[in-house]
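Geometric and topological summary
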Amino acid sequence: MTAIAWIIFIAAALLEVGGDALIRKGLKSPNLLLILIGFITLGCYGLVVNMVKWDFSKLLGVYVAVFAFISVCFGYFIFKETIPISTWLGLALIIAGGFTIQFGSH
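Since the model is a prediction, treat every value here as computed from it, not as a measurement.

**Points about the packing of helix α3 (residues 56–78) against helix α4 (residues 85–103)**
Two packed helices can be described by the angle between their axes and the distance between those axes. At a minimum axis distance of 8 Å, the contact between α3 and α4 shows a crossing angle of 155 degrees. Compared by their axis directions, α3 and α4 come out roughly antiparallel. Regarding α3 and α4, the two cross each other, and that crossing is left-handed. Contact residues: α3 offers Lys-58, Gly-61, Val-62, Val-64, Ala-65, Ala-68, Phe-69 and Val-72, while α4 offers Thr-87, Trp-88, Leu-91, Ile-94, Ile-95, Gly-98, Ile-101 and Gln-102. The residue inventory of the contact of α3 with α4, partitioned by class, reads 11 nonpolar, 4 polar and 1 charged.

This is the structure in structure tokens:
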């Protein structure tokens with residue numbers, strides 16, 4: 001995976017997780033502006049992630065591993081959640097799956 005693909009996947013994951021976090025906060029407050037900004041942010045994620053010109057199944061298969069990692073980090077660092085060991089184990093399996101998709105035979 002090229003450095004550009006990594007940058008794109010990280011940016012896309014930050015947009016997707018951030019957009020969802022904005023919508024979640026907007027629904028709890030309730031704040032329509034936060035929901036709208038979250039909606040726009042999620043749309044931007046879709047544009048950014050598709051900048052990597054891979055087959056769709058490989059693109060999203062590998063991206064899911066990056067997204068899962070960023071999601072758990074957001075939960076831990078931003079939302080101050082206690083992450084159970086089962087989540088860390090599941091994350092490791094998802095990342096292993098991403099590596100399998102990325103480096104498996106074509």
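**Focus: the nonpolar core**
Core analysis: the largest hydrophobic core is formed by 16 residues, its most contacted members being Phe-9, Ala-12, Val-49, Val-52, Tyr-63 and Ile-70. Excluding its chain neighbours within four sequence positions, the residues that come into contact with Tyr-63 are Phe-9, Ala-12, Ala-13, Glu-16, Tyr-45 and Val-49.

**Notes on α3**
Taken residue by residue, α3 has Leu-59, Gly-61, Val-62, Tyr-63, Ala-65, Val-66, Ala-68, Ile-70, Val-72, Cys-73, Phe-74 and Gly-75 as its buried positions. Along its buried surface, α3 packs onto α1 (3–28), α2 (32–49) and α4. At the exit of α3 stands Lys-80, carrying a positive phi of roughly 55 degrees.

**Structural notes on α4**
Taking 1.5 Å of rise per residue, 19 residues should cover 27 Å, and α4 covers 27 Å from first to last C-alpha, within 8% of that figure. Regarding α4, the residues found buried are Leu-91, Gly-98 and Gln-102. The buried residues of α4 occupy one face: seen down the axis, they fall within an arc of 35 degrees. For α4, the exposed residues set more than 90 degrees away from the buried face come down to Ile-85, Ser-86, Leu-89, Leu-93, Thr-100 and Phe-103. Packing partners of the buried residues in α4 comprise α3.

Cut-offs and rules
- Residues numbered from 1 in each chain as written.
- Predicted model: local features only at pLDDT ≥ 70, side-chain atom pairs only at ≥ 80, totals over all residues.
- Heavy atoms only, no water.
- Axes fitted to C-alpha atoms, helices over the stretch in contact; angles between N-to-C directions.
- Helix = DSSP H or I, 4+ residues; strand = E, 2+ residues; numbered from the N terminus.
- Parallel < 35°, antiparallel > 145°, perpendicular 65-115°, else oblique.
- Left-handed = near helix turned anticlockwise from the far one by under 90°.
- Contact = heavy atoms within 4.5 Å.
- Nonpolar A, V, L, I, M, F, W, Y, C, P; charged D, E, K, R; others polar.
- Core = buried A, V, L, I, M, F, W, Y, C linked by side-chain atoms within 4.5 Å.
- Buried < 20%, exposed > 50% of the residue type's maximum accessible area, 1.4 Å probe, protein only.
- Expected span 1.5 Å × (residues − 1).
- Arc of directions from axis to C-beta.

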